[in-house]
Amino acid sequence: MRDLKIPEQRHPEKAHRPDNAQPSKPKWIRVKAPTGEGYNATRKIMRDNKLATVCEEAACPNAGECWSRGHATMMIMGEICTRGCTFCNIATGKPDTLDPFEPGRVAEAVKKLALTHVVVTSVDRDDLKDGGAEHFAQTIRAIRHQSPATTIEVLTPDFLKCAPEVLEVVVAAKPDVFNHNLETVPGLYPSVRPGARYFHSLRLLQRVKEIDPSIFTKSGIMVGLGEDKQGVQQVMDDMRAADVDFLTIGQYLQPTPKHIGVDRFVTPEEFKAYETAAYGKGFLMVSATPLTRSSYLAGDDFAKLQAARRAAT
C-alpha cells in the first residue's frame, strides 16, 4: 500500500536524484506555523468532507494564515498527479478513478465555510480523455447550486493531451476567474516543467478570452529558479498579448532536497519593481511578493480585479 507521507513513495520519479542543497530562508520569507481555532475549524471541515487541498499537498507557506481565516483552495480529482514537475510537492503516479460525489462534497464545504470566493484547482489528469474538464464543470455547477452568491476561481491543468474542445466545457460553466499558471520562463521549462509546453499554456489562456471575454484570466510564475529579469519581462509581455488580466509572481521555495534547487532569494524590492513594470504593461491586477501564491488572498484580489475593470471601462 502506497504511503504518500513517505517522500520516496510520494515522489518515486525523484527518489534517485541527487540532493539539492536547501539554503536558509531570509527573514522576509519566514512564516508562523499553522495553529489556532480558525485553522482547526477549517481543517475539520476539509476532513469531514474528505477533501484534498493544494494548501497541504503543495506545502503552501500561507496555509496557516488562510485556514485561520476560513479560506482553503480545494483540490479535486485526487491527490496523485500524472506529471512530475521538478518544483512541485504534489504526489505523482497513477491516480485513482474520479469520485462522482466529489463536486457535491466541495460545494458542501464551500457552504459550511461561508466562502464569498472559492478557488478550485486539481492535479493533472493526463489519464482522462478530457483531462478532467467535465469534473471541473460539475464542481462549478454544484457550488453555484448551493452557494449562488459565491464567486468561483478555477486553477486548471493545461489539457495538453486533450482535444481543444474540452476547454469549452470548463468555460461554459462560467467560472468568474480562469487561472492557469505558466510557472516559469520558457527557457526553464525542460528543467522545471518538463511535461508541459509554454506556448500551449499561453494559448490556453488566450482561448479562454476568445470563448468568453467576460471571464477574468489569471496566470502566475515563480522566481528564484534561475531566470533573469529580461525573461520575466518577456513573460509579462506574452501574457498581455494573450489578454491575461491578473499576474501573480512569488518566490520559489524548495519542498525537499530532491526537488529543483533555489537559485536565489529575490528581494522584496525586486518584487516591487516587477509589480510596477506589470501595471505599466496593462495588467488589471498584480500580486508580486515573496509569499505570493496563486490562491493567496484570492477573494480580496478578486474584488480589486472587479474594481479595476470598472475603472478601465
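Everything discussed here concerns the structure shown above.
Residues numbered from 1 in each chain as written. Predicted model: local features only at pLDDT ≥ 70, side-chain atom pairs only at ≥ 80, totals over all residues. Heavy atoms only, no water.

Draft legend 1. Focus on helix H11 (residues 268–280). Counted at 1.5 Å a residue, the expected span for H11 with its 13 residues is 18 Å, and the 19 Å between its end C-alpha atoms agrees. The secondary structure elements touched by the buried residues of H11 are strand S8 (216–223), helix H10 (229–241), strand S9 (246–251) and strand S10 (285–288). Positive backbone phi, approximately 110 degrees, marks glycine 282, located one or two places after H11. (Helix = DSSP H or I, 4+ residues; strand = E, 2+ residues; numbered from the N terminus. Expected span 1.5 Å × (residues − 1). Contact = heavy atoms within 4.5 Å.)

Draft legend 2. Here's a closer look at unusual backbone geometry. Positive phi, close to 75 degrees, is recorded for glutamate 183, a residue that is not glycine. Tracing the chain through its elements places glutamate 183 in the loop between strand S7 (177–179) and helix H8 (189–192). Here the phi dihedral of aspartate 243 falls at roughly 65 degrees; this positive angle occurs in a residue that is not glycine. Tracing the backbone through its elements, the reader meets aspartate 243 in the loop between H10 and S9. We classify aspartate 243 as partly exposed; its relative accessible area is 36%. (Buried < 20%, exposed > 50% of the residue type's maximum accessible area, 1.4 Å probe, protein only.)

Draft legend 3. A look at the nonpolar core. Counting residues in each nonpolar core, the largest one holds 70 residues, and the members touching the most others are Phe178, Leu182 and Ile249. Sorting elements by how many residues they give to this core places helix H6 (residues 133–146) first, with six residues. Once you skip the residues sitting within four places of it in the chain, isoleucine 249 turns out to touch Ile221, Val223, Val232, Met236, Phe271, Tyr274, Ser287, Ala288, Thr289 and Thr292. Counting six residues, the second largest nonpolar core, distinct from the first, contains Val177, Phe216, Phe246 and Leu305. (Core = buried A, V, L, I, M, F, W, Y, C linked by side-chain atoms within 4.5 Å.)

Draft legend 4. Quick look at the side chain of arginine 83. Inspection of the secondary structure assignment puts arginine 83 in the loop between strand S3 (80–81) and strand S4 (91–92). One polar contact links arginine 83 to aspartate 158, side chain to side chain, over a distance of 2.8 Å. With residues up to four places along the chain from it excluded, the contact list for arginine 83 reads Thr92, Asp124, Asp126, Asp158, Leu160, Gly195 and Ala196. (Polar contact = N/O pair within 3.5 Å; in protein donor to acceptor, adjacent residues only side chain to side chain.)

Draft legend 5. Structural detail: the environment of lysine 209. Tracing the backbone through its elements, the reader meets lysine 209 in helix H9 (residues 198–211). Residue lysine 209 is classed as buried on the basis of its relative accessible area of 8%. The spacing of lysine 209 and aspartate 243 is 34 residues in sequence and 7.2 Å in space, taken between C-alpha atoms. Ignoring sequence-local partners within four residues, the contact set of lysine 209 consists of Ile215, Thr217, Asp243, Asp245 and Arg309.

Draft legend 6. How the structure looks around the pattern of salt bridges. For the structure on display, the rule yields 19 salt bridges. Of the charged contacts in the structure, one is a salt bridge between glutamate 134 and arginine 141, with a shortest N-O distance of 2.8 Å. Under the relative-accessibility criterion, glutamate 134 is labelled partly exposed at 30%. Arginine 141 sits in the partly exposed class, given a relative accessible area of 42%. (Salt bridge = Lys/Arg side-chain N within 4 Å of Asp/Glu carboxyl O.)

Draft legend 7. Spatial organisation of the packing of aromatic side chains. Within this structure, the stated rule accounts for three aromatic pairs. With a centroid separation of 5.6 Å and an interplanar angle of 90 degrees, the aromatic rings of tyrosine 189 and tyrosine 198 are classed as edge-to-face. For the pair tyrosine 189 and tyrosine 198, a shared accessibility class is recorded, and that class is buried. In this structure an aromatic cluster arises from ring pairing among Tyr189, Tyr198 and Phe199. Here arginine 240 stacks its cationic end above the ring of phenylalanine 283, 5.5 Å away from the centre of that ring. (Phe/Tyr/Trp six-rings, centres within 6.5 Å; stacked < 30°, edge-to-face > 60°. Lys NZ or Arg CZ within 6 Å of the ring centre and 35° of its normal.)

Draft legend 8. Region of interest: the state of the cysteines. Scanning all chains against the criterion turns up zero disulfides. A disulfide-free cysteine, cysteine 81 has its sulfur positioned 6.5 Å from the sulfur of cysteine 88, the nearest such atom. On the basis of relative accessibility, which here comes to 9%, the residue cysteine 81 falls in the buried class. (Disulfide = S-S within 2.5 Å.)

Draft legend 9. Representation of the pairing of strand S6 (residues 151–155) within the structure. Of all the five residues making up S6, five are buried; the element is thus mostly covered by neighbouring parts of the structure. Every second residue of S6 is oriented toward a common face, with Thr151, Glu153 and Leu155 on one face and Ile152 and Val154 on the other, all of them buried. For strand S5 (residues 117–122) and S6, the ladder comprises five bridges, and the chain directions are parallel. Bridge assignment links valine 119 to a residue of S6, and that residue is glutamate 153. In this fold, the crossover linking S5 to S6 by way of H6 has right-handed handedness. Two strands pair when backbone bridges link them, and S6 and S7 are joined in this way by three bridges, in the parallel orientation. Bridge pairing in S7 places leucine 155 opposite asparagine 179. Handedness of the crossover joining S6 and S7 through helix H7 (residues 166–172): right-handed. (Pairing = 2+ DSSP bridges. Right-handed = clockwise from strand over helix to strand, strands pointing away.)

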